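If you want the building blocks of each chain, they are given just below.
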Amino acid sequence: MWAGGFWRAAASAAPLGRRAHSSLAQLKGLLEVELEGIQGSGLWKHERVLASPQGSHIHVDGVSGGILNFCANNYLGLSSHPEVIQAGVQALKDFGAGLSSSRFICGTQTIHKDLEAKIARFHKREAAILFPSCFDANAGFFEALLTPEDAVLSDELNHASIIDGIRLCKAHKYRYRHLDMADLEAKLQEAQKHRLRLVATDGVFSMDGDIAPLREICHLASQYGALVFVDECHATGFLGPTGRGTDELLGVMDQVTIINSTLGKALGGASGGYTTGPEALVSLLRQRARPYIFSNSLPPAIVGCASKALDLLMDNNTFIQSMAAKTHRFRSKMQAAGFTISGANHPICPVMLGDARLASCMADDMLKRGIFVIGFSYPVVPKGKARIRVQISAVHSEEDIDRCVEAFVEVGRLHGVLA
């Protein structure tokens, strides 16, 4: 009797097994077609592997000799700063490798609270809250604050993390044309029927290097009773006289309500993000922001590194002055050579090329000449607007800048971009 039951079960299981195999085969076929399409269109993204710490001079796996790095978000050169590294090592020794817990269970240490207080002081805000990344900060912010009674107005070229965060919330969604204040005003007029109105913008748009017109945005927000949210990932630490960001640069620190930013770029380059603003808002995020509630705390070593990076920045702003001068040098030399460089006077310097395959091939040829840059194409940027994004760091020397320009000129002539 047992044997009969066994064989009946085995027989009935066989078709299920065949269906599962068929479903897997179907999935593999679909994925292969999709991947072949990406490769065929020239949009395939290759991950080059570093064999050294992050810095202006690096080693790339499989490439002989040293390489000049012009594509990192290491704006102040603090990713491998000896004091930052030592602070991380000390935090690791004093507080362990990690918390194995989210913040509200048993994952909050004194160093987390100290860093949050330091971030709030740095931005001259009431309070701050740490997240695993700024992507998580953006994912948690909009959903926690905005309801179906509210409205959010977003620049059409905002970062993917802002777009995804807005998608998660139930507010009415308005998208205004990039940097177009007339369109923003029209959308604000349309949104007057809602309870809260929140204008959301990047401070600096990472693919184009252009800066949001915060003076005009804040003026319109005041006129139409809206709050202002700014993502400062590509501004914190180096824009403005003391590196406070776009709001300091444009003189509107007292008019921007909420700032989200990162510890993973200028401030040590490891990981982590944060929201800073009114204390009541930060308290609400601790209660409702899902990435905060359901994620592990930031590891102590990362907290230690970021805290030391902030100390170095607040003690000495020569980093900022050095980077500004080098940014001007690169942009002026490239434009004089005949390249089109997008954006304002920002260390993000997009070399506009248009064609995705051209951008990828030129980046490969730059690497052969000892310069590490990356071509960006759809879906990271719009179709037909491929570019090589160059990023200047305070630790690049003038000789590094000149060598990069010389390589671009050589490669540009090789590919017919320059005459």
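Before reading on, note that the structure itself is shown above.
Just so we're clear, the structure is a prediction, and the values are computed from it rather than from any experiment.

Definitions and cut-offs
Residues numbered from 1 in each chain as written. Predicted model: local features only at pLDDT ≥ 70, side-chain atom pairs only at ≥ 80, totals over all residues. Heavy atoms only, no water. Salt bridge = Lys/Arg side-chain N within 4 Å of Asp/Glu carboxyl O. Helix = DSSP H or I, 4+ residues; strand = E, 2+ residues; numbered from the N terminus. Buried < 20%, exposed > 50% of the residue type's maximum accessible area, 1.4 Å probe, protein only. Phe/Tyr/Trp six-rings, centres within 6.5 Å; stacked < 30°, edge-to-face > 60°. Axes fitted to C-alpha atoms, helices over the stretch in contact; angles between N-to-C directions. Parallel < 35°, antiparallel > 145°, perpendicular 65-115°, else oblique. Left-handed = near helix turned anticlockwise from the far one by under 90°. Contact = heavy atoms within 4.5 Å. Pairing = 2+ DSSP bridges. Expected span 1.5 Å × (residues − 1). Core = buried A, V, L, I, M, F, W, Y, C linked by side-chain atoms within 4.5 Å. Patch = residues over 30% accessible without salt bridge, like charges linked within 9 Å, V, L, I, M, F, W, Y side chains within 5 Å. Areas by Shrake-Rupley, 256 points an atom, 1.4 Å probe, with all protein chains shown as cover. Arc of directions from axis to C-beta. Nonpolar A, V, L, I, M, F, W, Y, C, P; charged D, E, K, R; others polar.

**Some thoughts on the pattern of salt bridges**
- With the rule as written, the count across this model stands at 17 salt bridges.
- A salt bridge links Arg103 to Glu116; the shortest N-O distance between them is 2.9 Å. Of this pair, Arg103 sits in helix α3 (residues 103–106) while Glu116 sits in helix α4 (residues 110–123), and the two are 13 residues apart along the sequence. The exposure classification of Arg103 matches that of Glu116, with both residues buried.
- Of the charged contacts in the structure, one is a salt bridge between Asp164 and Arg167, with a shortest N-O distance of 3.1 Å. Placement of both Asp164 and Arg167 in helix α6 (residues 160–168) is noted, with a separation of 3 residues, approximately one turn of the helix.

**Side note on the packing of aromatic side chains**
- With the rule as written, the count across this model stands at 7 aromatic pairs.
- Measuring from ring centre to ring centre gives 5.9 Å for Phe131 and Tyr292, while their planes differ by 65°; the resulting arrangement is edge-to-face. Highlighted residues: Phe131 in strand β3 (residues 127–131) and Tyr292 in helix α11 (residues 290–293), separated in sequence by 161 residues.
- On the basis of relative accessible area, Tyr292 is assigned to the buried category, the value being 7%.

**Observations regarding the packing of α4 against helix α12 (residues 300–315)**
- Running from amino to carboxyl end, α4 crosses α12 at an angle of 30°, the nearest separation of the two axes being 10 Å. In terms of orientation, α4 lies roughly parallel with respect to α12. Crossing angle aside, the handedness with which α4 passes α12 is left-handed. Side by side, α4 and α12 meet where Ile111, His112, Leu115, Lys118, Ile119 and Phe122 of the first sit next to Pro300, Val303, Ala306, Ser307, Leu310, Asp311, Leu313 and Met314 of the second.

**Some details on the sheet that holds strand β5 (residues 172–176)**
- Taken together, 7 strands build an open sheet; the order of strands is β3-β11-β10-β9-β6-β4-β5 and the sheet is mixed. Looking at the sheet topology across the chains shown, the edges are occupied by β3 and β5. Sheet twist, expressed as the average angle between the axes of neighbouring strands with direction ignored, equals 20°.
- Where strand β4 (residues 151–155) meets strand β6 (residues 197–202), 4 bridges bridge the pair, whose relative direction is parallel.

**Examining the sheet that holds strand β2 (residues 67–69)**
- As summarised here, the arrangement of the 3 strands in space is β1-β2-β13, forming an open sheet in which the pairing is mixed. Pairing within the sheet leaves two strands with one partner each, and these edge strands are β1 (57–58) and β13 (371–372).
- By the bridge criterion, 2 bridges tie β1 to β2 in an arrangement that is antiparallel. Counterpart to His57 in the pairing with β2 is Leu68.

**Re helix α15 (residues 398–414)**
- Here α15 is 17 residues long and its end C-alpha atoms lie 25 Å apart, about the 24 Å a rise of 1.5 Å per residue gives.
- For α15, the complete set of buried residues consists of Asp400, Ile401, Asp402, Cys404, Val405, Ala407, Phe408, Val409, Val411 and Gly412.
- One or two residues past the end of α15 sits Gly416, with phi positive at roughly 80°.

**As for the nonpolar core**
- Leu115, Ile119 and Leu263 are the most contacted members of the largest nonpolar core, which has 33 residues in total.
- Counting residues per element, this core draws most heavily on α12, which supplies 8 residues.
- Core analysis: the second largest hydrophobic core is formed by 30 residues, Leu43, Met362, Val405 and Leu418 among them.

**A word on a nonpolar patch on the surface**
- On the surface, Leu24, Leu27, Leu31, Leu35 and Trp44 cluster together into a nonpolar patch covering about 430 Å² of accessible area.
- Looking at the element boundaries, Leu27 is found in helix α1 (residues 2–40).
- You can call Leu27 partly exposed: its relative accessible area is 42%.

**Focus on helix α10 (residues 279–288)**
- Of the positions making up α10, those classed as buried are Leu281, Val282, Leu285 and Arg286. Taken end-on, α10 shows its buried residues confined to a sector of 145°, consistent with a single buried face. More than 90 degrees from the buried face of α10, the exposed residues found are Ala280, Gln287 and Arg288.

**Looking at the packing of helix α5 (residues 134–145) against α10**
- Look at α5 against α10: their axes get within 10 Å of each other, and the N-to-C directions meet at 100°. Of the possible angle classes, the one that applies to α5 and α10 is roughly perpendicular. Across the interface between the two elements, Gly140, Phe141, Ala144 and Leu145 from α5 touch Leu281, Leu284, Leu285 and Arg288 from α10.
- Split into classes, the residues belonging to the contact of α5 with α10 amount to 6 nonpolar, 1 polar and 1 charged.

**Notes on the environment of Gln255**
- Mapped onto the fold, Gln255 is located in the loop between α9 (246–249) and β10 (258–262).
- Accessibility expressed as a relative area gives 38% for Gln255, which makes it partly exposed.

**With respect to the environment of Met366**
- Relative to the helices and strands, Met366 is located in helix α14 (residues 356–368).
- Residue classification places Met366 among the buried residues on the basis of a relative accessible area of 0%.
- Distance in space between the C-alpha atoms of Met366 and Cys404 is 8.6 Å, their sequence separation being 38 residues.
- Each residue touching Met366, except ones within four places of it in the same chain, is listed here: Ile371, Val373, Cys404, Ala407, Phe408 and Val411.

**With respect to unusual backbone geometry**
- A cis amide bond links Tyr378 with the next residue in sequence, Pro379, at an omega value of 10°.
- Summarising the element assignment, Pro379 is placed in the loop between β14 (374–376) and β15 (386–391).
- Of note, the phi angle at Lys124 is positive, near 60°, even though the residue is not glycine.
- Mapped onto the elements of the fold, Lys124 is located in the loop between α4 and β3.
- Of the residues examined, Lys124 reaches a relative accessible area of 62% and is grouped as exposed.
- We note that Leu179 has phi near 60°; this positive angle belongs to a residue other than glycine.
- Turning to its location among the elements, Leu179 is positioned in the loop between β5 and α7 (181–190).

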